[in-house]
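# An overview of the molecular structure
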Amino acid sequence: MLRLFYVLLVGLIGAGLVHIAVLLMLPQFSERDAWSSLAEAADVYKAVRIDASDGSPPLVKAVDPLFHAAACRFDLDEAPVHIRAPGNVPYWSVSIYNRAGENVYSFNDRATEKGALDFVVLTSAQMIEVRKAMPEDYKRAIFVQVPLGDGIVLVRSFVPDPTWEEATSNFLARIACSKD
Amino acid sequence: MLKTAFLIFVVLAVAIGGGGGSVWYALKANEGVGAVTIGQWTAYPYIGTPDADPYSKARSASEGLLSLGRAEGISFSAQRDSDGEALRRECTYMVEGPVPSARFWTLYAADQAGGVVRGGERRAGALHSHQLIRLADNSVSISAGKHASPGNWLAISGVGPMTLVLTFFDTPIASSTGAADVVLPSIIKAGCDA
């Protein structure tokens with residue numbers, strides 16, 4: 001009897017260890033996380049719509065029904081990434097996520113002059129290089145310094161009513177996500 | 001010998017089964033760590049950020065969630081009315097009261113899987129603050145239910161439990177000043193279809 005009690009006790013301690021191990025390893029090994037879903041849908045540096053525009057389930061759980069959104073993956077180990085989109089929409093906001101899908105930086109259209117979407121994501125080391133010789137392309141861009149390698153940029157755009165659908169869809173379709 | 005092997009098997013079964021099962025249960029249960037509750041509304045300001053607790057991190061990884069950033073907004077959800085009863089789609093609710101300052105906000109109903117409840121044939125399933133009628137003291141009164149209503153109406157279709165989601169965009173309450181001092185509208189049941 002005492003032996004069975006002892007066995008159960010060891011089992012419960014083991015269960016505690018397994019619980020902690022599974023919990024901490026889950027974010028690293030999940031195949032259903034945002035990065036994996038985006039990787040299935042599109043290549044790196046390719047912006048893809050993630051909301052359910054045609055009634056299919058959304059690619060990534062991120063979006064309010066009154067919003068359209070597009071995301072692209074990038075790798076700062078290669079080069080800074082430059083994101084631009086022409087056009088005017090009532091409201092847009094941008095979030096930058098790390099490989100695990102954690103929000104590390106966000107801003108909205110009030111952060112820019114005239115609400116134009118034009119920004120560069122880069123590391124501090126790359127920022128030093130850019131300051132030495134500012135490329136012509138970057139003259140109007142906002143610089144976002146993040147300590148990342150792999151990452152995701154997500155652009156959300158508000159659709160106040162159905163008449164705005166076309167304008168916001170075009171805005172998101174013209175997002176250029178490029179490493180220069 | 002056989003007995004020892006059996007005991008080792010029991011230990012391993014309890015450890016792996018119990019450990020894995022408890023994680024699964026903890027992620028399924030909706031009670032989160034780090035929640036901010038205001039009236040019937042609950043928000044998770046830290047979910048999806050590097051400051052989140054391990055349970056929130058595991059949940060957002062397994063659901064593939066990309067959460068709103070601090071500069072974007074904050075989302076509150078409610079599953080119960082002011083009497084503590086679960087919100088149901090066959091009932092009509094009045095969402096009444098003051099709202100905190102924000103550039104704009106949206107309100108919609110979600111089903112249990114987090115999908116948006118459709119508003120019926122010709123009605124969007126969501127409202128936003130630019131299209132609402134406000135009362136004289138700048139507060140709002142919204143009727144959420146199946147039956148069309150004068151004033152502000154959030155159309156809901158179907159039956160079963162639902163969650164109301166209220167999201168504020170570009171708002172100071174999402175920043176570190178804390179969401180706890182904010183006053184949000186209350187959800188009062190007006191009636192149910194028999």
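Residues numbered from 1 in each chain as written. Chains lettered and ligands numbered in written order. Predicted model: local features only at pLDDT ≥ 70, side-chain atom pairs only at ≥ 80, totals over all residues.

On to the environment of A:Gln126, then. Relative to the helices and strands, A:Gln126 is located in helix 3 (residues 124–132). Between the C-alpha atoms of A:Gln126 and A:Ser95, which are 31 residues apart in sequence, the distance is 20 Å. (Helix = DSSP H or I, 4+ residues; strand = E, 2+ residues; numbered from the N terminus.)

Taken domain by domain, chain B comprises domain 1 (1–30) and domain 2 (36–192). Computed over C-alpha atoms only, the centres of domain 1 of chain B and domain 2 of chain B are separated by 39 Å. (Domains from an automatic or database assignment.)

Residues and elements named next belong to chain B. The topology assignment puts Gly158 in the loop between strand 8 (152–155) and strand 9 (163–169). What makes Gly158 partly exposed here is the crowd of 13 C-beta atoms within 10 Å. As a C-alpha pair, Gly158 and Gly119 span 39 residues in sequence and 9.1 Å in three-dimensional space. (Buried ≥ 20, exposed ≤ 12 C-beta atoms within 10 Å, placed from the backbone.)

This paragraph deals with the interface of chain B and chain A. Of the residues lining the interface, 41 residues belong to chain B; the matching set on chain A comes to 42 residues. Contributing elements (two or more residues each) for the side of chain B that touches chain A: helix 1 (2–28), helix 2 (54–63), strand 5 (104–110), strand 6 (126–128) and strand 9 of chain B. Within the side of chain B that touches chain A, the residues separate by chemical class into 19 nonpolar, 17 polar and five charged. (Contact = placed C-beta atoms within 7 Å. Nonpolar A, V, L, I, M, F, W, Y, C, P; charged D, E, K, R; others polar.)

In any sheet, the strands associate via hydrogen bonds between backbone groups, in a parallel or an antiparallel arrangement. All names here are of chain B. With mixed pairing, the four strands of this open sheet are ordered in space as 8-7-4-10. Each edge of the sheet is formed by a strand with only one pairing partner; in this case those strands are strand 8 and strand 10 (186–192). Taking the axes of each pair of neighbouring strands and ignoring which way they run, one obtains an average angle of 25° across the sheet. (Pairing = 2+ DSSP bridges. Axes fitted to C-alpha atoms, helices over the stretch in contact; angles between N-to-C directions.)

This part takes up the pairing of strand 4 (residues 92–98) of chain A. Residues and elements named next belong to chain A. Burial of strand 4 is extensive: six of the seven residues sit out of reach of the surface. As paired strands, strand 4 and strand 8 (residues 150–158) are joined by seven bridges and run antiparallel to one another. The residue bridging Ser95 from the neighbouring strand is Leu154, located in strand 8. Here strand 4 pairs with strand 5 (residues 103–108) via five bridges, running antiparallel. Following the sheet pairing, Ile96 is matched in strand 5 by Tyr105.

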